[in-house]
Amino acid sequence: MSASIASSTPTRPVARNLRTAIRQAAGAIRRAAIFAAALAALGAGNTALAGPAFLGNWARGDGKTHIRVEPCGAEFCGVNTWVRPGHTGEKVGDTLVADLKPAGADRWSGSAFDRRRDRHYTMRVQVAGGRMTTDGCILGGMMCQSMHWTRLDRAN
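As for the side chain of Asp114
Alright, step 1. Here Asp114 shows up in strand 5 (residues 107-114).
Alright, step 2. A polar side-chain atom of Asp114 sits 3.2 Å from the main-chain amide nitrogen of Arg116.
Alright, step 3. Within the local environment of Asp114, its side chain forms a polar contact with the side chain of Arg117, the two groups lying 2.7 Å apart.
Alright, step 4. With residues near it in sequence (within four places) discarded, Asp114 still touches Thr95, Leu96, Arg119 and Tyr121.

Here we look at the pairing of strand 5
The side chains of a regular strand alternate between the sheet's two faces.
Alright, step 1. Note that strand 4 (residues 95-102) and strand 5 share 7 bridges and pair antiparallel. Paired with Leu96 across the bridge in strand 5 is Asp114.
Alright, step 2. Taking the residues between adjacent antiparallel strands as the criterion, strand 4 and strand 5 are bridged by 4 residues, where Gly104 takes a positive phi near 135°.
Alright, step 3. When strand 5 meets strand 6 (residues 119-128), the two strands line up antiparallel, connected through 8 bridges.

Structural notes on unusual backbone geometry
Alright, step 1. Residue Asp118 is not a glycine yet carries a positive backbone phi of 55°.
Alright, step 2. Among the structural elements, Asp118 can be located in the loop between strand 5 and strand 6.
Alright, step 3. What makes Asp118 exposed here is its relative accessible area of 57%.
Alright, step 4. You will see that Leu139, though not glycine, has its phi angle at about 55°, which is positive.
Alright, step 5. If you trace the backbone, Leu139 turns up in the loop between strand 7 (131-138) and strand 8 (143-153).

Description of the sheet that holds strand 8
Alright, step 1. Around the barrel, 8 strands lie side by side as 1-2-3-4-5-6-7-8; this closed barrel has antiparallel pairing. On average, adjacent strands in this sheet sit at an angle of 35° to one another, irrespective of strand direction.
Alright, step 2. Note that strand 1 (residues 56-60) and strand 2 (residues 65-72) share 4 bridges and pair antiparallel. Residue pairing across strands places Gly56 opposite Val69, the latter belonging to strand 2.

Definitions and cut-offs
Residues numbered from 1 in each chain as written. Predicted model: local features only at pLDDT ≥ 70, side-chain atom pairs only at ≥ 80, totals over all residues. Heavy atoms only, no water. Helix = DSSP H or I, 4+ residues; strand = E, 2+ residues; numbered from the N terminus. Polar contact = N/O pair within 3.5 Å; in protein donor to acceptor, adjacent residues only side chain to side chain. Contact = heavy atoms within 4.5 Å. Pairing = 2+ DSSP bridges. Buried < 20%, exposed > 50% of the residue type's maximum accessible area, 1.4 Å probe, protein only. Axes fitted to C-alpha atoms, helices over the stretch in contact; angles between N-to-C directions.

Shape is all these values report; function is a separate question.
Structure (structure tokens):
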């Protein structure tokens, strides 16, 4: 008789443990989904886990500015971190906000907005090794400018 009593008492703790295990598994799935969404937002589907190759610190080819490219929400921001003294066309803190999507191996394209100048551009970015080339166009591609950059270091 004592055996039947002993066998019926563990059902409550087993049910409680099962509910706890299900809650923990649901939390793990939720965290994995959030992580996958964050990687997708960074455009990391085809790149290393550190994010797109254009993230990091860069020196403009003419030596007049340095920028840091970093995620900002679902987009990317290029922020001037240094401007050569006496150069009047740029300011530290100037920010270009870009919505870029993969367009091939180490290539991205999309649109960009220059906050200080209140201008919209179409944009292409290509990275090869420690060098980056950006092309920005206005007026439906009638006026474009290319800029070459050299990597200073990786931001993340």
